[in-house]
Amino acid sequence: GIRQVRLLEQPREGGGTTFTFEINGKPIYCRGANWVPGDSLRLDSSPERYDRLLELARRANMNMLRVWGGGIYESETFYALCDRLGILVWQDFMFACNLYPDHDAAFLKNVESEANKAVKRLRRHPSIVVWCGNNENDWIWDMGHWKAEEGVDRFYGKRIYHDLLPRICKRLAPTRPYRPSSPYGGPEPNS
């Protein structure tokens, strides 16, 4: 079983850093895919569909799935099957490819409530090995798309991914690393 998770980001010869998950003291080479909802018409798949899809992932030698931030927090069946099959889960919070009103107190309160519930529900699953604030929002901001196309003067949502969510994860699930975004290499998200 998974007892300890570490994300190793150590300087590399020639520049940059490593990005290696270490499970129970052993470095893991992650092979996997992006998981979008298992059914495009329903918000939850049947247990049989989850079982079939996750078994196919296992047979394809996948050992990690990223639950995409543009989808849903999956059902207990999904996470229980990942636990049983030994499939690691990179869990995004549900923020994807958009600006979010982090200046609105009521919105932030809703985000905090949702994040607290999601982390409390999912933290007991050993398959969860990393929490991630969003899908591509930091990268899109860095690329200048919203600035150029929509005239936006600041990164709306940054307070959520760089302040609120890491505090919640540190308090409720301190044994798992947190990433603000995917991709996220620091000041240059795609590095």
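Residues numbered from 1 in each chain as written. Predicted model: local features only at pLDDT ≥ 70, side-chain atom pairs only at ≥ 80, totals over all residues. Heavy atoms only, no water.

Novice: Now, about the layout of surface pockets: what can you tell me, with residues and values included?
Specialist: Reported here for the largest pocket is a volume of approximately 220 Å³. Considering the residues around the largest pocket, the lining is formed by 14 residues, among which F19, M64, R66, W90 and S182 are closest to the centre. At the level of elements, β4 (32–35) and β5 (64–67) are the ones that each hand at least two residues to the lining of the largest pocket. (1 Å grid on protein atoms, 1.4 Å probe; cavity = no way out; pocket = protein on both sides within 12 Å on 5 of 7 lines; lining within 4 Å. Points joined across faces, edges and corners; volume = space filled by probe spheres on them. Helix = DSSP H or I, 4+ residues; strand = E, 2+ residues; numbered from the N terminus.)

Novice: So what about the nonpolar core? Which residues, and what values?
Specialist: Counting 41 residues, the largest nonpolar core has L54, F78, F93 and W131 as its most contacted members. Within the residue set of this core, elements represented by two or more residues are α1 (47–59), β5, α2 (76–85), α3 (105–122), β7 (128–132), α4 (137–143) and α6 (158–172). Ranked by residues supplied to this core, first place goes to α6 with 7 residues. Residues L7, F21, M64 and L88 belong to the second largest nonpolar core, which totals 10 residues. (Core = buried A, V, L, I, M, F, W, Y, C linked by side-chain atoms within 4.5 Å. Buried < 20%, exposed > 50% of the residue type's maximum accessible area, 1.4 Å probe, protein only.)

Novice: Please provide a residue-by-residue account of the sheet that holds strand β1 (residues 5–8), values included.
Specialist: Strand order in the open sheet formed by 3 strands is β1-β2-β3, with antiparallel pairing between adjacent strands. If you trace the sheet from one side to the other, it starts and ends with β1 and β3 (26–28), each paired once. This sheet shows a mean twist of 35 degrees between the axes of neighbouring strands, independent of strand direction. In the sheet, strand β2 (residues 20–23) pairs with β3 via 3 bridges, with the strands oriented antiparallel. Paired with F21 across the bridge in β3 is I28. (Pairing = 2+ DSSP bridges. Axes fitted to C-alpha atoms, helices over the stretch in contact; angles between N-to-C directions.)

Novice: Give me the sheet that holds strand β8 (residues 178–179): which residues, what numbers.
Specialist: Here 5 strands make up an open sheet; going across it, the order is β4-β5-β6-β7-β8 and the pairing parallel. The open sheet has two edge strands with one neighbour each: β4 and β8. Where β4 and β5 come together, 4 bridges link them in parallel fashion. Residue G32 lies in a different strand from β5, and its bridge partner there is M64.

Novice: Requested: an account of the pairing of strand β6 (residues 88–92), with residues and values cited.
Specialist: Of all 5 residues that make up β6, 5 are buried, and the element is covered over most of its length. On β6, burial covers both faces: L88, W90 and D92 on one face and V89 and Q91 on the other are all buried. Across 4 bridges, β5 lies against β6 in parallel orientation. The residue of β6 that forms the bridge with M64 is L88. In this fold, β5 hands off to α2, which returns the chain to β6; that crossover is right-handed. As judged from the 4 bridges shared by β6 and β7, these two strands associate in the parallel manner. Within β7, the position partnered with D92 by the bridge is C132. (Right-handed = clockwise from strand over helix to strand, strands pointing away.)

Novice: Kindly report on the packing of aromatic side chains, identifying the contributing residues and their values.
Specialist: Within this structure, the stated rule accounts for 14 aromatic pairs. Between F155 and Y161, the aromatic rings sit 6.0 Å apart at their centres with planes inclined by 45 degrees, giving tilted as the arrangement. This pair shows no difference in class: F155 is buried, exactly as Y161 is. One aromatic cluster is present, formed by F95, Y100, F107, W141, W146, F155 and Y161 through successive ring pairs. Sitting over the ring of W141, K147 keeps its end group 4.7 Å from the ring centre. When the ring centre of Y156 is taken as origin, the NZ or CZ atom of R154, which lies over that ring, is 4.2 Å away. (Phe/Tyr/Trp six-rings, centres within 6.5 Å; stacked < 30°, edge-to-face > 60°. Lys NZ or Arg CZ within 6 Å of the ring centre and 35° of its normal.)

Novice: Can you break down the state of the cysteines residue by residue, with the values?
Specialist: Going through the model one piece at a time under the given rule, you end up with 0 disulfides. Note on C30: no disulfide assigned, nearest cysteine sulfur contributed by C82 at a separation of 13 Å. In this structure C169 is not part of a disulfide, and its nearest cysteine sulfur, from C132, lies 9.8 Å away. (Disulfide = S-S within 2.5 Å.)

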